[in-house]
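# Close look at the chain arrangement
Spelled out from the first residue to the last, the chains are:
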Amino acid sequence: MVDQEEPARFVNRWGDTSDPAPGSRGSYRDTCMCFDQRKPHPRARVGFHPERQDTSALSWQRLLALIEEAAADGREEFRPLAELSPDERRQIITLPVTIAKLTAVRHLVLYGSNLVRIPPEIGAMSSLEEFTPYTSYRLHWFPYEITRCSKLTRSTVSTRALYGNYKLRAPFPRLQRPGSSSADRLDRGDLDPHIWGATTIRSCSVCGQQIKQTELRQAWISLRVATDALPLLVNACSPQCLTALPRGAGDYIPTTHAGGRVDQPSPDYL
C-alpha cells in the first residue's frame with residue numbers, strides 16, 4: 001500500500017499566539033470599540049485608551065523577567081507574548097520601559113497583542129530592523145521616539161487600526177493645548193492616560209531634554225516608518241522642537257496637528 005501524502009503543515013511565523021475570538025472567553029485580547037475599523041467615520045470623536053497597566057500582576061513580573069533574560073543573552077529576536085499564557089497576554093496593555101535594554105534585538109514580535117500603547121523607550125532599541133505588532137487592533141498610534149530606530153526598515157502593522165490611516169481616515173484624539181487648565185495642573189509622573197496617552201511624560205520626543213512643568217506641548221504627525229505610515233505622538237518641550245519636525249508623509253496631513261475634527265485627505269475605502 002502506498003502511504004497517502006501527508007497534508008502540508010503551515011508554520012505560525014509569529015509564535016503560538018492564536019486567538020479564538022477577540023473579547024470572547026479564552027481570548028487573550030479585548031474588543032476595541034474606539035472607532036469602526038471596517039467603515040470610514042473620519043468625523044467621529046475618539047480618545048486614548050484609559051487603561052492603566054497593573055504592575056503588580058504576575059504577568060507583568062514575568063514580562064520584566066523575559067526582558068532581562070533577552071538583554072542578558074543578547075538575543076536578536078524577541079517575541080515575549082509567546083512565553084505567556086492567554087490570560088497573561090490579556091493583562092499586558094503596554095511594555096516596560098526596560099525595553100531600552102534590548103539593544104541587540106533586531107526583530108520585535110508583538111503579534112496579536114492586547115497593547116494600547118508603547119513606551120518611548122522603544123527608541124533605544126538601536127539594532128531594531130523589523131517590527132511586527134500585526135493584529136494588535138487596540139494599538140492605534142506609536143511614540144515619535146520610534147523614529148530613533150535608524151535601522152528599522154520592515155514593519156507589519158494592521159493599518160485599519162491606526163488613527164488617520166489612508167483606508168478609513170480614522171479620527172485622532174484631541175490633544176490638550178498649552179495653557180489649558182489640564183496642562184496647568186499637570187503632574188507628569190501621574191497622568192491620566194485617557195487625556196495624555198500615557199501615565200508618565202518626562203522627556204522631549206525631539207531633543208530628549210527633560211520637559212519642565214507647564215512646558216509640555218503635544219502634537220500628532222504621520223510619518224513613514226519602515227514599511228508603514230504611522231501616526232506618531234510627539235511630546236515636545238518647546239515650540240522650537242515642534243518646528244524642527246519633518247513634513248508629514250505623502251497623502252497624509254502634511255503638518256503637525258492637535259487632532260480632533262481636523263481635515264484629512266479622503267479615505268481610500270474599499
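Residues numbered from 1 in each chain as written. Predicted model: local features only at pLDDT ≥ 70, side-chain atom pairs only at ≥ 80, totals over all residues. Heavy atoms only, no water.

A volume near 640 Å³ is recorded for the largest pocket. Along its surface, the largest pocket is lined by 31 residues, and Val97, Pro119, Pro120, Glu121 and Thr200 are the ones closest to its centre. Partitioning the lining of the largest pocket into residue classes produces 15 nonpolar, 10 polar and 6 charged. (1 Å grid on protein atoms, 1.4 Å probe; cavity = no way out; pocket = protein on both sides within 12 Å on 5 of 7 lines; lining within 4 Å. Points joined across faces, edges and corners; volume = space filled by probe spheres on them. Nonpolar A, V, L, I, M, F, W, Y, C, P; charged D, E, K, R; others polar.)

Our next topic: a positive patch on the surface. Taken together, the side chains of Arg45, Arg174, Arg177 and Arg261 make up a positively charged region of the molecular surface. Counting through the fold element by element, Arg45 comes out in the segment before helix H1 (58-73). Residue Arg45 is classed as exposed on the basis of its relative accessible area, which comes to 69%. (Patch = residues over 30% accessible without salt bridge, like charges linked within 9 Å, V, L, I, M, F, W, Y side chains within 5 Å. Areas by Shrake-Rupley, 256 points an atom, 1.4 Å probe, with all protein chains shown as cover. Salt bridge = Lys/Arg side-chain N within 4 Å of Asp/Glu carboxyl O. Lys, Arg positive; Asp, Glu negative; His and termini not counted. Charge placed at Lys NZ, Arg CZ, Asp CG, Glu CD. Helix = DSSP H or I, 4+ residues; strand = E, 2+ residues; numbered from the N terminus. Buried < 20%, exposed > 50% of the residue type's maximum accessible area, 1.4 Å probe, protein only.)

Two strands in a sheet stick together by hydrogen bonds in their backbones, pointing the same way (parallel) or opposite ways (antiparallel). Sheet architecture is open: 4 strands sit in the order E1-E2-E3-E5, paired in parallel fashion. Looking at strand neighbours, the two that pair on one side only are strand E1 (77-78) and strand E5 (154-155), the edges of this open sheet. Relative to E5, strand E3 (residues 130-132) runs parallel, the two sharing 2 bridges. Paired with Phe131 across the two strands is Ser155, which belongs to E5. (Pairing = 2+ DSSP bridges.)

On to the sheet that holds strand E7 (residues 228-236), then. With respect to topology, 3 strands assemble into an open sheet ordered E4-E7-E6, the strand pairing being mixed. For this open sheet the edge positions go to strand E4 (142-143) and strand E6 (217-225), each flanked by a neighbour on one side alone. Judged from the 2 bridges that link them, E4 and E7 form a sheet pairing that is parallel. Across the sheet, Phe142 pairs through a bridge with Leu232, a residue of E7.

Going through the model one piece at a time under the given rule, you end up with 9 aromatic pairs. Feature note: the residues Phe35, Phe48, Trp141, Tyr163, Phe172 and Trp220 constitute an aromatic cluster, connected by ring pairs. Arg169 extends its terminal NZ or CZ atom over the ring of Tyr252, reaching a point 4.8 Å from the ring centre. (Phe/Tyr/Trp six-rings, centres within 6.5 Å; stacked < 30°, edge-to-face > 60°. Lys NZ or Arg CZ within 6 Å of the ring centre and 35° of its normal.)

A general feature of soluble globular proteins is that nonpolar side chains tend to end up buried together. Counting 46 residues, the largest nonpolar core has Phe131, Phe142 and Leu232 as its most contacted members. Elements with a contribution of two residues or more to this core: H1, E6 and E7. With 5 residues, H1 is the single largest residue contributor to this core. Residue contacts for Phe142: discarding those within four places in its chain leaves Ile118, Phe131, Pro133, Val157, Leu162, Leu230, Pro231, Leu232 and Leu233. Judged by nonpolar contacts, the second largest core, of 10 residues, contains Val46, Phe48, Phe172 and Leu175. (Core = buried A, V, L, I, M, F, W, Y, C linked by side-chain atoms within 4.5 Å. Contact = heavy atoms within 4.5 Å.)

Let us look at the pattern of salt bridges. In this structure the tally under the stated criterion is 12 salt bridges. Arg138 serves as the salt-bridge partner of Glu51, at 2.7 Å between the closest nitrogen and oxygen. On the criterion of sequence distance, the pair formed by Glu51 in the segment before H1 and Arg138 in the loop between E3 and E4 is long-range, its members being 87 residues apart. The closest approach of N and O atoms between Arg106 and Glu76, which form a salt bridge, is 3.9 Å. In this pair, Arg106 is assigned in the loop between helix H2 (86-91) and strand E2 (107-109) and Glu76 in the loop between H1 and E1, connecting sequence segments 30 residues apart. Taking relative accessible area as the criterion, Arg106 reaches 39% and is therefore assigned partly exposed. With relative accessibility at 43%, the residue Glu76 sits in the partly exposed group. It is possible to trace a salt-bridge network through shared partners that takes in Asp30, Glu51, Arg90 and Arg138.

So far we have only geometry, and geometry alone does not tell us how the molecule works.
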